Amino acid sequence: MNLLLPLLIISISPGVPIDQRYPDAKQVFFCDFCKTWDENFDGWPDGWTRRRGSGFPHFVDVRISNEPSPVGNHCLRIDLDGAAAVAYSPALDISPLYSYVLEAQLKTEGLNFDRAYLSLTLLDKKRQRVSTSYSEKFKTTDGWKKIRIGPVVPPNEQVRVAVIGLHLQPQSQSGFSDKEDLTGAALFDDIWLARLPRMSLTNESSSGVYVDPDKVQVHCCASGFTQKQPRVELFLEDNEGRQIAKHECGLVTAGATRHAESLLDALSDEPVGRQGTAQWKPPVTGPGFYRVYAEMKGMEHLRTIHRRQELSFVVIDSSRNEPRGEFGWNLPQGNRPLPLSKLSRLLGRMGVSYIKYPLWYGENLSENEIEELYRFAVKLNSQGIELIGVLDNPPPEVLKNLPEKNNIQAADIFTSSPAVWLPSVETVLTRFANRVKWWQLGSDRDTSFVDCLNLNANIAKVKDELDRVDHDINLGISWNWINQIPMSPKQKPWRFTSLSADPPLTHEELKYYLAGKPQTTANDAALPKSKLLVVLCPIDKDRYPRQTRIDDLIRRMMTAKINGADAITMTDPFDPQHGLFEAAGMPGELLLPWRTTAAVLDGTRFVGQIQLPNGSRNQIFSRSDDNVMVVWNDEPTEEVIYLGKDVYQIDVWGRKMTPQMDGHRQVIHVGPTPSFVIGLNKRICLWRMSCEFQRDRIASIFGKPHQNSCRFKNTFPGGVSGKIHLEMNPSWKVRPQTIPFHLAQDEITELPFTLMLPYDAVTGSYNARIDCVLQAEEAWNFSVYRSIQVGLGDAFIEHSTELDKEGNLRVIQRFVNNSKHRISFRCQLSAPGRQRMGTRISNMPRGSNTKTYILSNGKELIGK
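Presented here is a report on the structure given in the accompanying data block. None of these values were measured; they are calculated from a predicted model. (Residues numbered from 1 in each chain as written. Predicted model: local features only at pLDDT ≥ 70, side-chain atom pairs only at ≥ 80, totals over all residues. Heavy atoms only, no water.)

## Brief notes about the overall build of the chain
Right, so step 1: Secondary structure summary: the chain contains eleven helices and 52 strands in total.
Right, so step 2: Put simply, of all contacts in the chain between residues at least 6 apart along the chain, 71% involve residues at least 24 apart.
Right, so step 3: Split by element, the accessible area of the chain, about 40100 Å² in all, is 47% carbon and sulfur.
Right, so step 4: Separation between the mean location of the 102 positive side-chain charges and that of the 100 negative ones in the chain comes to 6 Å. (Helix = DSSP H or I, 4+ residues; strand = E, 2+ residues; numbered from the N terminus. Contact = heavy atoms within 4.5 Å. Areas by Shrake-Rupley, 256 points an atom, 1.4 Å probe, with all protein chains shown as cover. Lys, Arg positive; Asp, Glu negative; His and termini not counted. Charge placed at Lys NZ, Arg CZ, Asp CG, Glu CD.)

Below, the structure written as structure tokens:
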């Protein structure tokens, strides 16, 4: 059953109620594990098989159990004893004219690390796997639960056979786990496979990526229906799921060709059905992520006979395609799902600066296939894309000379005798010597060198052997973040370390680990720099909403960039669960956010952040021709601020917007998802970052002047003259409020002023604005935003609430004085619809003071 090793394709039911059979579907297969499925009384369902091999031992008990289920008194039960188990149905003859839906009943018992789920694998007539779809994976079901896969559309016309899988096995976020349950069980019953009329949507682009929106054209093909004049509705949605266009048309129909290879069709008395096609040119106007879906209406009972079939595509702005060196992709599946000719075209449009690609081939690869790989490398080089060859999955002639082991890893291979692996690797290096200068030992997941004894010596031997083939190659290995990175660059025979973690690090964890990366000293300056490649894996599609996944990916890309990663790698973008594309290679919702972020930040240098009027968080990056600000806020807001003359904003979908103007200031719309503001004036940014108050926290002493000053640097070329105007709380007295200045180039000044607080001032944070009017090579007028904290933090208030037995709301106020002085305060409590209550704290020494407010009918105030 090795043909059934899973592809990561997830199929999600499109909205049909799960408590009933899928409507309009005709049964193809049914199994309830009753007595008719065990005619030889061995406790195993006739015609079913189970997976064997590493991790799937025979001692895990799988059998028909006499236990009640929602449909009878029998089910298939899997009892864990460590390891895992999968039961496979008989091979089921199907036709590619239809789509298929799989349903089952599931019950789990005592699972912690393992998950129970269904799979549906489609094979061609040679029993070669075409695709595998999975249901949701369950740890706990709270009794029997109905689960479903589909409808699943056969991805091509070669599909002839289906196999159902019943799984109980460990699952981590990325699909691999070292933890497994020693006990626990899963029960399966009511296995039902049915067929529906098939509908598929395709477009002209094999990757679903367009540069010209006018080139987008959708083809709809339907088959397996019996209506003579069916009609189809096509809908276009934007990235937010808003319908922006609709088109209805009739299908151009013809009788379907009978597939002689399909026993299902050959033995069926039902009509084979009809086929029909339709085309639509959706009104796409610019960059963005789009979905097209189709609904075909049946004439009988006016019911939808095929609920929904989706096609996603993206339109990109090609003006920022040029790679600059930091962001790349890892392609562990090689030329799947796209052939190399189409893959190279896609990579050129994505703006990637490098890719990792498996290049270890053996004697079984034809000369034509090797030549195709070489042309692929040439094409990438011509587009400015660096190719990193990955020496992973050794060919059979290497494996046969290695000790038998279930999981051969890079450390096992390259610490063995060079006579085992070198001849095969030498052939590869020789062929690609002029095109590939960077090579990685093992995949990004293979961190076996972490446990390698005498690591430096072993890698040095490998490098010596490879340098005889291609002089001074750049060698790299994979490493796990949780293990200390080898420190001294001069002792490393490798030039880069590819760092990953499972589960992925959060952006805060990534910042922490990057802060502890090895530092190059002055003595190492003449040595080749050892680069750190950070591998980023998006968080799980099934566990997190889209918005969370987008925000998390952008934050981690920024964190890696800010904290000194030499390169940032997207791991397997074609993994539909954790990548940038969906099943069958369609663009996913993360593709444009990744591309936009990479295109904007590639080649930049992090310079800092500025304070915005409404407090939105931001990071500013600089390159030779412009400054970029990444900005976001937990709540939607507007930041009204002057940033430069030619400023524009880009959202994560690549859509360019010119900000509205409020006088000479731009109005920047900010929300939870980061966006990018391009064209910031670099001189003004640096001025804002240099501008600060000598004291941004002042004592809460009222009626007396506080000495302070405003410090800043002239960041413009040449001398400047002008004035600053201080705008603070209207009740504060600021003297002087307007201060002139004259500065030479790079000169720093400190302009003194005093401020006096009124007697009714309240401690806390206050916004201040410093208006700058200056004359440099031209006149400039902009504002700097800062905060001043009233109160030194040495006195603060805490409170708690409770309902007493009489129903009163008791508000307990605890005042803490950590200063050396006695203090006095007047405290007031305001509650909705109630009279204001007050207390006084007089001449309180260091320590704490507790007061209690009592409000009757306290339940009325809960939540207010």
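## Some points on the environment of Asp 575
Right, so step 1: You can see Asp 575 is positioned in the loop between β29 (567-571) and α10 (591-601).
Right, so step 2: Residue class for Asp 575 comes out buried when judged on its relative accessible area of 6%.
Right, so step 3: With 244 residues separating them in the primary sequence, Asp 575 and Leu 331 have C-alpha atoms 9.7 Å apart. (Buried < 20%, exposed > 50% of the residue type's maximum accessible area, 1.4 Å probe, protein only.)

## Digging into helix α6 (residues 418-431)
Right, so step 1: The terminal C-alpha atoms of α6 lie 19 Å apart, and with 14 residues this matches the ideal 20 Å at 1.5 Å per residue to within 8%.
Right, so step 2: The largest bend along α6 measures about 25 degrees and falls at Val 425.
Right, so step 3: Taken together, the buried positions of α6 are occupied by Val 420, Trp 421, Leu 422, Ser 424, Val 425, Val 428 and Leu 429.
Right, so step 4: In this structure, the buried side of α6 is in contact with β24 (386-391), α4 (396-399), α5 (410-414), β25 (438-441) and α7 (455-467). (Expected span 1.5 Å × (residues − 1). Bend = angle between axes of the 7 residues up to and from the residue.)

## Quick look at unusual backbone geometry
Right, so step 1: The omega torsion of the bond from Gly 150 to Pro 151 falls at 5 degrees, within 30 degrees of zero and hence cis.
Right, so step 2: The backbone of Asn 843 sits at a positive phi, close to 55 degrees, despite the residue not being glycine.
Right, so step 3: Among the structural elements, Asn 843 can be located in strand β51 (residues 837-844).

## Notes on empty space enclosed by the protein
Right, so step 1: Applying the stated rule across the entire model yields three cavities of 30 Å³ or more.
Right, so step 2: Of the volumes computed, that of the largest cavity is approximately 110 Å³.
Right, so step 3: What lines the largest cavity is a set of 13 residues, and nearest its centre among them are Asp 317, Arg 595, Thr 596, Ile 650 and Gly 654.
Right, so step 4: Here the element with the most residues in the lining of the largest cavity is α10; it accounts for five residues.
Right, so step 5: Residues belonging to the lining of the largest cavity are distributed by class as follows: eight nonpolar, two polar and three charged.
Right, so step 6: Space inside the second largest cavity adds up to approximately 60 Å³.
Right, so step 7: Taken together, Lys 541, Arg 549, Pro 576, Gly 579, Leu 580, Phe 581, Glu 582, Gly 588, Glu 589 and Leu 590 make up the full set of residues lining the second largest cavity.
Right, so step 8: Split by residue class, the lining of the second largest cavity holds four nonpolar, two polar and four charged. (1 Å grid on protein atoms, 1.4 Å probe; cavity = no way out; pocket = protein on both sides within 12 Å on 5 of 7 lines; lining within 4 Å. Points joined across faces, edges and corners; volume = space filled by probe spheres on them. Nonpolar A, V, L, I, M, F, W, Y, C, P; charged D, E, K, R; others polar.)

## A word on the pairing of strand β11 (residues 145-152)
Looking along a regular strand, one sees the side chains alternate between the two faces of the sheet.
Right, so step 1: Of all eight residues that make up β11, seven are buried, and the element is covered over most of its length.
Right, so step 2: Bridge analysis of strand β8 (residues 98-109) against β11 gives six bridges, and the strand direction is antiparallel. Bridge pairing in β11 links Glu 103 to Arg 148. (Pairing = 2+ DSSP bridges.)

## Some remarks on the packing of helix α9 (residues 546-562) against α10
Right, so step 1: Packing of α9 against α10 leaves a shortest axis separation of 10 Å and a crossing angle of 25 degrees. With respect to α10, the element α9 is oriented roughly parallel. Handedness of the crossing formed by α9 with α10: right-handed. Facing α9, whose interface residues are Ile 550, Leu 553, Ile 554, Met 557, Met 558 and Lys 561, α10 presents Pro 593, Trp 594, Thr 597, Ala 598 and Leu 601.
Right, so step 2: Broken down by class, the residue content of the contact of α9 with α10 amounts to nine nonpolar, one polar and one charged. (Axes fitted to C-alpha atoms, helices over the stretch in contact; angles between N-to-C directions. Parallel < 35°, antiparallel > 145°, perpendicular 65-115°, else oblique. Left-handed = near helix turned anticlockwise from the far one by under 90°.)

## Some points on the packing of aromatic side chains
Right, so step 1: Scanning the entire structure with this criterion turns up 30 aromatic pairs.
Right, so step 2: Judged by centre distance (5.4 Å) and plane angle (20 degrees), the ring pair of Tyr 290 and Phe 313 falls under stacked. Taken as a pair, Tyr 290 in strand β20 (residues 288-297) and Phe 313 in strand β21 (residues 304-315) lie far apart in primary sequence, 23 residues in all.
Right, so step 3: Exposure remark for Tyr 290: the relative accessible area of 8% places this residue in the buried category. (Phe/Tyr/Trp six-rings, centres within 6.5 Å; stacked < 30°, edge-to-face > 60°.)

## Some words on the sheet that holds strand β33 (residues 637-641)
Right, so step 1: Pairing in this open sheet of three strands is antiparallel, and the strands run β33-β37-β36 from one edge to the other. Sheet topology places β33 and β36 (660-662) at the edges, where each strand pairs with a single neighbour. In this sheet, neighbouring strand axes are inclined to one another by 35 degrees on average, regardless of whether the strands run parallel or antiparallel.
Right, so step 2: Judged from the three bridges that link them, β36 and strand β37 (residues 665-670) form a sheet pairing that is antiparallel. Counterpart to Asp 662 in the pairing with β37 is Arg 665.

## A closer look at the sheet that holds strand β32 (residues 627-632)
Right, so step 1: Spatially, β30-β31-β32-β38-β34-β35 is the arrangement adopted by the six strands of the open sheet, whose pairing is antiparallel. With one partner strand each, in any of the chains shown, β30 (605-608) and β35 (656-657) form the two edges of the open sheet.
Right, so step 2: Judged from the six bridges that link them, strand β31 (residues 617-622) and β32 form a sheet pairing that is antiparallel. Counted as the bridge partner of Ile 620 is Met 629 from β32.
Right, so step 3: Where α9 meets the sheet, its contacts fall on β30, β31 and β32, and the angle it forms with β31 comes to roughly 50 degrees.

## Some details on the layout of surface pockets
Right, so step 1: Volume-wise, the second largest pocket comes out at about 1000 Å³.
Right, so step 2: Along its surface, the second largest pocket is lined by 35 residues, and Ser 700, Phe 702, Thr 763, Ser 824 and Phe 825 are the ones closest to its centre.
Right, so step 3: Listing elements by their share of the lining of the second largest pocket, those giving two or more residues are β47 (779-790), β48 (795-803), β49 (809-817), β50 (823-829) and β51.
Right, so step 4: Residues that form the lining of the second largest pocket fall into these classes: 16 nonpolar, twelve polar and seven charged.

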